[in-house]
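# Structural characterization, general
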Amino acid sequence: MKALVAKFFAQLGVWGWTVLVLIPFFFIMLFATKDTSDIYGKPLALIFKPNWGNFSGAWNAGPDEGTIGVWFINTGLLVTTALIVSLVVAVPAAYFTIFLSLKQNRAVMITVLSGTVVPTILLVIPYFKAYNQFGLLNKPIVTGVAYGVLAIPTTFLLMNRFFLDFPREVLEAGLLDGLSNSKIFRKLVLPLSVGQIVSVGILTLIWAWGDSQIAIVLLQSQSAQPISVGMLSFAADFTTNLGATFAGLSMAAIPPVILYIILSKYVTKGIALGGITK
Amino acid sequence: MSVKNESPSKEVSTSITQGRTLFSPKKKARIGLNAINVRSARITLIPVFVLLFVFLALPMINSIQLSVSRWGGLGPLEPVGFDNYKFLFSDAQMRYSSRITIFYAFSVAFLVVAIATLLAAAVSANVRGHKAMKIIWFFPGIAPPTAVAIFWSSSFQPESGVVNVILGKLGLGNAYAWLASSDTALYPVIFVGVWSAVGFAFLVILGAVEQIPVSLREAAVVDGANVRQQFTKITLPLIRPILMTIFTLQIIWTFNGFTVVWAMTNGGPSDSTSILPILAYKEAFRYGRFGTAAAMAVVTGIFLMIVGTIGIRLSRSEQQ
């Protein structure tokens, strides 16, 4: 009996949490297609005349037409740069570090680990100062470099841990086949590490897509902003046109969620592997 | 170098990443595999350390330098000694912000760990639908914080906001204007902070729960332990180190968390939700007082270093 009661409450709890998690996504999508007067008048109604004009309203919001599209392009540039920088720099280093002595590998790990705990607030003002000095403000790609470098520690640690467990037989077989060391890395190790690289890459992608603390400082002009920063001004401008605001929110929020659903296997694996270093 | 690698001592290899061994003693690495790769390691590590130095170490030094200067955003720094710090320690807003930042970070971290642990316990007991829930519960961690924060702040509006509409339908009243009052604005922000962070903590804690050997729980069942006792006597003590780690990290992340608060309240009304990162941002980029802002950042950094060190110490001692 007692066990049944416990089971009931456990079930109730998990369903309750699931509903709470889904509420924003449900309403963002619902309101994105609702007329503003309906959002105020009958917000919970599920049967209503859809207003697809919200999406064009959102698209044409901001100072120029298609500003939101520019924000997406900026986010794309920023995230792509961050991914390239973090993976190209950290993955080979994480691999070759396993050949150092254990003591040296450990020393490298600890040094890199200390990079994960530096508070962003300590970095943004000097970044602004330096970027300003070199005339690099309002350039999404150059801002993406900063995001990429800040993602290096996590990328390095997760990949290093993965490579430490990599079966040595594979490497030795490659050597016996006469492959050079760099060929072993490129032809044998990399193809077998795709899953792990995707896991780690997604962590970087989610973070760089959503963060605004660095971008709000380095990308201040509206035409250079990524979606995470652009939306802030957009939502403030649109208190009278809620429908368009929600259409904009859905455009910003739904793509990463869909990407996650497709790749969820990798994401959960990446976190289980030690995403707590992020 | 390679000689060392060929005879890995047991104790070193286990100390590296919690029991993962670098080389198993049976399969000794070949000299050919190592000698050249050690050089590659040094070469590939150069860009890692150069970039980390330029983007992490230099800015930190620069922040400290700024914190003892006056700088309006242009021109050279003007050294002012510890004036910025003296100002901070006498400033009422700074004291208030420090207090709410600590309150905000600790309450979010505590609630996140508590909820995530309960959810992990439920899922590991195979409640119905747990496979889908594992995926769904991480949605809040995926969606851009700006987007969800804007949604939630609109939903806390009186009468028209979704939260108030639902409360109204339940007969609990629909005119709560939490975000408009300095006394209550922090609570919706805490709620959203928790809401968006639980999924991640849940996945990590679930990973720890699933590593507990089934035999331990079976033994407890044989001894007549009920579900709650299994949880409090077996699961909880075994995952305590990871809970401590997550709690510490969550404090640091929430302490640093800029986006959720900024998107929900801009720090207002009248700076009642201006946690330190927001206060520093405003100080620098609204009022152009970069020196005081840098001093705030340095104080925050020192505080977080202390929290981090204590947290790591505690979770280490739990592990032993």
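Just above, that's the structure.
Treat the numbers as computed from the prediction; the structure is a model and nothing was measured.

The next subject is the nonpolar core. Ranked by internal contacts, the top residues of the largest apolar core, which has 182 residues, are Tyr95(A) and Trp152(B). The residues that make up this core include at least three from each of domain 1 (2–67) and domain 2 (85–319) of chain B. When residues no more than four places from it in sequence are discounted, the contact partners of Tyr95(A) are Phe163(A), Leu171(A), Ile184(A), Phe185(A) and Val189(A).

Moving on: the interface of chain A and chain B. On the chain B side, the residues contacting the 96 residues of chain A number 103 residues. Buried area between chain A and chain B, both sides added, is near 9,000 Å², and the carbon and sulfur share of it is 78%. One can count zero salt bridges joining chain A with chain B. Counting the contacts that link chain A with chain B gives eight residue pairs in polar contact (both at pLDDT 80 or more).

Let us now look at the packing of helix 4 (residues 67–96) of chain A against helix 7 (residues 140–164) of chain A. Residue and element names in this part refer to chain A. Two numbers describe how helix 4 lies on helix 7: the axes approach to 6 Å, and their chain directions differ by 35°. In terms of crossing hand, the pair formed by helix 4 and helix 7 is right-handed. Residue composition of the contact of helix 4 with helix 7, by class: 21 nonpolar, eight polar and no charged.

Residues and elements named next belong to chain B. One non-glycine residue, Asn266, lies in the positive phi region at around 55°. With respect to the helices, strands and loops of the structure, Asn266 is situated in the loop between helix 13 (259–265) and helix 14 (276–285). Overall, the relative accessible area of 37% leaves Asn266 in the partly exposed class. Of note, the phi angle at Asp271 is positive, near 60°, even though the residue is not glycine. With respect to the secondary-structure elements, Asp271 resides in the loop between helix 13 and helix 14.

Our focus in this paragraph is the packing of aromatic side chains. The way to describe two aromatic rings as a pair is by their centre distance and the angle between their planes. Under the counting rule described, the total for this entry stands at 41 aromatic pairs over all chains. Both rings, one in Tyr260(A) and one in Phe139(B), keep their centres 5.9 Å apart while their planes meet at 85°; by these two values the pair is edge-to-face. Pair noted here: Tyr260(A) is in helix 13 (residues 242–272) and Phe139(B) is in helix 7 (residues 139–142), and the two residues belong to different chains. Taking NZ or CZ as reference, Lys129(A) lies 5.6 Å from the ring centre of Trp71(B), over its face. Looking at Lys265(A), its charged tip hangs above the ring of Tyr266(A), at a distance of 5.1 Å from the centre.

Cut-offs and rules
- Residues numbered from 1 in each chain as written.
- Chains lettered and ligands numbered in written order.
- Predicted model: local features only at pLDDT ≥ 70, side-chain atom pairs only at ≥ 80, totals over all residues.
- Heavy atoms only, no water.
- Core = buried A, V, L, I, M, F, W, Y, C linked by side-chain atoms within 4.5 Å.
- Buried < 20%, exposed > 50% of the residue type's maximum accessible area, 1.4 Å probe, protein only.
- Domains from an automatic or database assignment.
- Contact = heavy atoms within 4.5 Å.
- Buried area = accessible area lost by both parts, 1.4 Å probe.
- Salt bridge = Lys/Arg side-chain N within 4 Å of Asp/Glu carboxyl O.
- Polar contact = N/O pair within 3.5 Å; in protein donor to acceptor, adjacent residues only side chain to side chain.
- Axes fitted to C-alpha atoms, helices over the stretch in contact; angles between N-to-C directions.
- Helix = DSSP H or I, 4+ residues; strand = E, 2+ residues; numbered from the N terminus.
- Left-handed = near helix turned anticlockwise from the far one by under 90°.
- Nonpolar A, V, L, I, M, F, W, Y, C, P; charged D, E, K, R; others polar.
- Phe/Tyr/Trp six-rings, centres within 6.5 Å; stacked < 30°, edge-to-face > 60°.
- Lys NZ or Arg CZ within 6 Å of the ring centre and 35° of its normal.

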